[in-house]
There are 2 protein chains.
Amino acid sequence: MQIISNPERGEWATILERPTQTVNDIEAIVTEVFNEVKSNGDAAIKKYTTKFDGVDLESNVVSQEELANSTKLVSLELQKAIKTAKDNIEAFHAAQKTSRVEIETTKGVQCWQEKRPIQKVGLYIPGGTAPLFSTVLMLAIPANIAGCKEIVLCTPPNKKGEIASEILYAANLCGVTKIIKVGGIQAIAGLTFGTETIPQVYKIFGPGNQFVTVAKQLATKYGVAIDMPAGPSELLVVADETANASYMASDLLSQAEHGTDSQVILVSTSKEMLNSVSTEIETQLEVLPRKAIAEQAIANSKLIYVENDALALDMINEYGPEHFIICTKNEDFYVDGILNAGSVFIGDYTPESAGDYASGTNHTLPTNGFTKAYSGVNLDSFLKNMTFQKISKEGLLNIGETIELMAEAEGLQAHKNAVSIRLKDIK
Amino acid sequence: MQIISNPERGEWATILERPTQTVNDIEAIVTEVFNEVKSNGDAAIKKYTTKFDGVDLESNVVSQEELANSTKLVSLELQKAIKTAKDNIEAFHAAQKTSRVEIETTKGVQCWQEKRPIQKVGLYIPGGTAPLFSTVLMLAIPANIAGCKEIVLCTPPNKKGEIASEILYAANLCGVTKIIKVGGIQAIAGLTFGTETIPQVYKIFGPGNQFVTVAKQLATKYGVAIDMPAGPSELLVVADETANASYMASDLLSQAEHGTDSQVILVSTSKEMLNSVSTEIETQLEVLPRKAIAEQAIANSKLIYVENDALALDMINEYGPEHFIICTKNEDFYVDGILNAGSVFIGDYTPESAGDYASGTNHTLPTNGFTKAYSGVNLDSFLKNMTFQKISKEGLLNIGETIELMAEAEGLQAHKNAVSIRLKDIK
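Residues numbered from 1 in each chain as written. Chains lettered and ligands numbered in written order. Predicted model: local features only at pLDDT ≥ 70, side-chain atom pairs only at ≥ 80, totals over all residues. Heavy atoms only, no water.

Naming follows an unreviewed UniProt entry, where chain A appears as Histidinol dehydrogenase of Thalassobellus suaedae. Recorded in UniProt under Pathway (unreviewed entry), the annotation for chain A is "Amino-acid biosynthesis; L-histidine biosynthesis; L-histidine from 5-phospho-alpha-D-ribose 1-diphosphate: step 9/9." (UniProt positions renumbered as here; feature names shortened; annotations may be inferred.)

Dropping the structure here:
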């Protein structure tokens with residue numbers, strides 16, 4: 001693996017560039033599917049499920065029987081693990097509850113802010129070779145704590161028309177209210193417009209490939225909110241000479257196995273550490289089942305030597321990694337100074353996979369530098385802030401003139417009049 | 001004004017339909033401006049400012065001299081009013097600060113959530129006949145409390161190349177770091193890509209016309225976050241026989257004067273109240289300077305009679321108004337039951353214009369039914385949630401096996417390995 005040594009500040013952007021995504025090419029097909037689902041509902045859903053997933057479904061709604069069966073098909077050991085993870089995720093997200101913020105800004109002017117749940121949410125769980133049931137936990141648990149009334153999960157069926165038992169088990173455990181066998185663009189279109197079987201929702205959550213990403217972006221044009229724009233997974237590790245090279249290598253590889261477009265970066269103030277990690281990666285890579293994928297991702301990855309921590313921190317904040325591991329003796333410098341990151345993992349015994357599954361934090365995080373403006377999924381993602389106010393006669397006497405003056409200066413006489421007409425009665 | 005009596009539930013959607021917006025027609029021009037600003041920076045900005053605002057600017061950056069002068073040009077009376085409003089808005093938004101959420105989810109597994117400021121934000125303030133300086137307060141004050149480092153304000157110049165003194169005064173008072181004389185699509189493009197004079201930002205806030213709205217949506221494709229999709233202003237009032245008809249009429253008119261596409265709705269369980277308000281509106285309308293605008297908006301507005309409060313609440317939640325005024329004897333029924341609204345105003349002495357200017361709540365709110373999923377602007381709009389975790393040896397012993405089992409079941413061996421390699425050393 002190539003080590004980049006002491007790059008100039010002006011080169012950082014180029015070195016840290018993400019693998020490009022070509023979005024424009026697939027907009028046409030996404031628009032087509034949306035239009036058809038909007039016009040033809042379930043008939044269009046059925047057509048595209050046959051076309052893209054290769055299965056012709058009688059019904060796309062998961063039955064009570066399928067749900068009941070799923071429990072039998074998940075080993076007791078895995079059920080226990082899922083429950084342990086659920087407990088931690090639940091504890092961390094329940095701790096994020098806030099009480100109403102109330103303040104009398106001026107005598108007689110009572111203002112408060114309350115969070116109320118988004119009533120209908122859609123959770124998208126991608127298909128693929130392995131069942132990504134952990135994402136079910138990460139989305140359904142906070143939705144439930146928030147108090148969302150309808151929690152609709154969409155995930156593509158396999159060629160036999162089935163959903164993985166682990167996904168059904170997790171969905172049932174975490175309070176999903178309806179599970180639909182539908183994937184890709186047609187799933188997002190269904191949640192956007194609603195069909196005979198798919199409820200229309202107000203916000204769509206969850207990861208997906210480029211088609212799903214573009215579909216979610218199109219959904220926003222129809223007034224549906226989304227959790228965040230998605231992109232390939234990424235990890236940045238900062239490590240000094242005190243870090244454990246084999247641990248660092250294992251973390252970098254755990255991100256690299258996600259996909260060939262995953263990006264992993266190691267920044268270090270120690271050239272020895274960079275060399276050791278590089279050697280370790282090659283060794284550990286050999287025995288991985290997903291070696292072919294990880295190898296390609298590793299080929300795009302970067303090992304970067306920088307002279308000091310201050311430079312390293314600046315570079316990391318410019319990149320804004322989704323996952324950020326800190327293994328340095330002065331970890332507080334990075335913990336306090338990191339401005340742009342999705343989730344931060346500190347110390348030798350905090351592998352990134354802990355946050356993917358079971359520590360309690362959420363694994364649905366902004367990528368592609370979006371950490372600069374977006375939060376990862378958290379309890380608030382399923383709530384809306386609403387404000388309330390109640391003004392007494394005394395309160396209006398206190399702020400009435402201020403409102404009148406400002407409204408007049410903005411040329412909005414009717415705004416002023418709504419105050420004046422009341423003040424006349426009070427005075 | 002027409003009164004709709006007891007509409008069937010099936011008709012609600014049609015009755016409550018918002019004035020349509022045609023977005024597709026203007027995408028071409030928005031894309032053109034974006035492409036040109038991306039390629040040519042300030043040269044393109046200058047070109048479009050000449051074209052759209054009819055002024056050829058030497059420099060588009062507001063100077064210290066212009067700032068200093070602005071204070072002299074705002075009356076002391078208005079300065080005082082602006083400061084009073086600032087105090088209240090500051091108090092309400094500062095009260096929204098939260099401390100870090102920290103929890104040990106499992107012995108040895110420490111997880112916490114912290115909010116950190118978005119470093120660079122852009123505030124867009126529309127131009128027009130009157131200076132909308134109140135929006136400067138609503139955006140710059142929370143940005144400052146959040147700790148955003150760069151707060152860039154863009155607003156179009158008039159034909160003399162000037163910005164209204166009230167806007168400059170408010171921007172200076174509230175800690176805006178740079179003010180640029182640029183409006184419309186080219187302002188949003190400048191904030192998205194950055195130019196020689198306009199800093200590139202991570203999130204763009206503020207209202208605007210359809211061109212600005214589409215431009216903000218396009219900005220999201222380039223990874224810039226936005227506060228929310230904007231739309232014409234709207235107000236829904238629920239009033240029973242105990243309400244004051246002339247107050248209700250004044251509130252409805254205060255929204256109606258915003259624009260011909262504003263929507264105002266009165267829902268009541270009292271036919272007498274509907275009639276009285278209708279009469280009052282006609283009387284009050286006559287003397288308004290913006291009568292022509294308000295009249296058109298009122299023509300599209302609806303007075304709706306419903307038989308009982310439960311039906312009224314259902315209808316209001318289906319509509320999801322930006323502003324919601326409650327003037328009924330059983331106000332708690334509505335306060336507790338409202339699920340979808342931007343800001344709620346309770347009782348006879350709480351005109352909506354209080355929240356527009358000076359009570360302390362924010363006036364940048366979701367419209368067009370987006371209250372179902374979006375929050376109004378609040379302190380959190382300028383912050384990101386980040387999560388942190390630190391696991392001890394004991395902690396990893398406690399949750400390690402859970403992670404291993406789940407990673408294996410998802411077919412992600414390298415994720416498992418990142419735990420196993422550590423557990424081997426600990427055990």
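Caption draft 1: Seen up close, the side chain of S70 of chain B. Residues and elements named next belong to chain B. Mapped onto the elements of the fold, S70 is located in helix α4 (residues 64-73). At 2.6 Å, the side chain of S70 forms a polar contact with the backbone oxygen of L67. Every residue in contact with S70, bar those within four places of it in the chain, is listed here: S165, L168 and Y169. (Helix = DSSP H or I, 4+ residues; strand = E, 2+ residues; numbered from the N terminus. Polar contact = N/O pair within 3.5 Å; in protein donor to acceptor, adjacent residues only side chain to side chain. Contact = heavy atoms within 4.5 Å.)

Caption draft 2: Structural detail: the sheet that holds strand β8 (residues 225-226) of chain A. All names here are of chain A. The parallel open sheet is built from five strands, whose spatial order is β6-β5-β4-β7-β8. The strands lining the two open edges of the sheet, one partner per strand, are β6 (178-181) and β8. Along the sheet, helix α6 (residues 133-146) contacts β4 (120-124), β5 (150-155) and β7 (203-205); its crossing angle with β4, the most-contacted strand, is approximately 170 degrees. Sitting on the sheet, helix α8 (residues 184-193) is in contact with β4, β5 and β7, with an inclination near 175 degrees to β4. (Pairing = 2+ DSSP bridges. Axes fitted to C-alpha atoms, helices over the stretch in contact; angles between N-to-C directions.)

Caption draft 3: How the structure looks around the UniProt feature "binding site: NAD(+)" (unreviewed entry) in chain A. All names here are of chain A. As recorded in UniProt, the feature "binding site: NAD(+)" (unreviewed entry) lies at Y124, Q186 and N209. A maximum C-alpha distance of 13.1 Å is found for the annotated residues, which run over 86 residues; spatially they form one tight group. Relative to the helices and strands, Y124 is located in strand β4. Judged by its relative accessible area of 4%, Y124 is buried. Here the side chain of Y124 touches G184 through a polar contact of 2.7 Å, landing on its backbone nitrogen. Mapped onto the elements of the fold, Q186 is located in helix α8. Here Q186 is in contact with V33, I45, Y48, T49, F52 and D53, once residues within four sequence places are set aside. Within the structure, Q186 has its side chain in polar contact with the backbone oxygen of G183 (distance 3.3 Å). (Buried < 20%, exposed > 50% of the residue type's maximum accessible area, 1.4 Å probe, protein only.)

Caption draft 4: Examining the relation of the copies chain B and chain A more closely. When chain B is fitted onto chain A, the two copies agree to an RMSD of 0.0 Å after a turn of 180 degrees and an axial shift of 0.0 Å. On this basis, the relationship between the two copies can be described by a two-fold rotation axis. Closest approach to the rotation axis among the C-alpha atoms of chain B is made by T98 of chain B, whose C-alpha sits 4.2 Å away. Interface overlap between copies: 100% of the residues of chain B at the interface are likewise at the interface in chain A, consistent with a symmetric, same-surface contact. (Least-squares fit on C-alpha atoms with pLDDT ≥ 70 in both.)

Caption draft 5: Seen up close, the interface of chain B and chain A. Taken residue by residue, the interface counts 122 residues in chain B and 122 residues in chain A. Contact with chain A buries surface across chain B, with Y349, E410 and R422 of chain B losing the most and accounting together for 8% of the total. The tally of links between chain B and chain A comes to six salt bridges. The partner of E331 of chain A in a salt bridge is K390 of chain B, with the nearest N and O atoms 2.4 Å apart. Scanning the region where chain B abuts chain A turns up 70 residue pairs in polar contact (both at pLDDT 80 or more). Tallied by class, residues from the side of chain B that touches chain A come to 58 nonpolar, 42 polar and 22 charged. (Buried area = accessible area lost by both parts, 1.4 Å probe. Salt bridge = Lys/Arg side-chain N within 4 Å of Asp/Glu carboxyl O. Nonpolar A, V, L, I, M, F, W, Y, C, P; charged D, E, K, R; others polar.)

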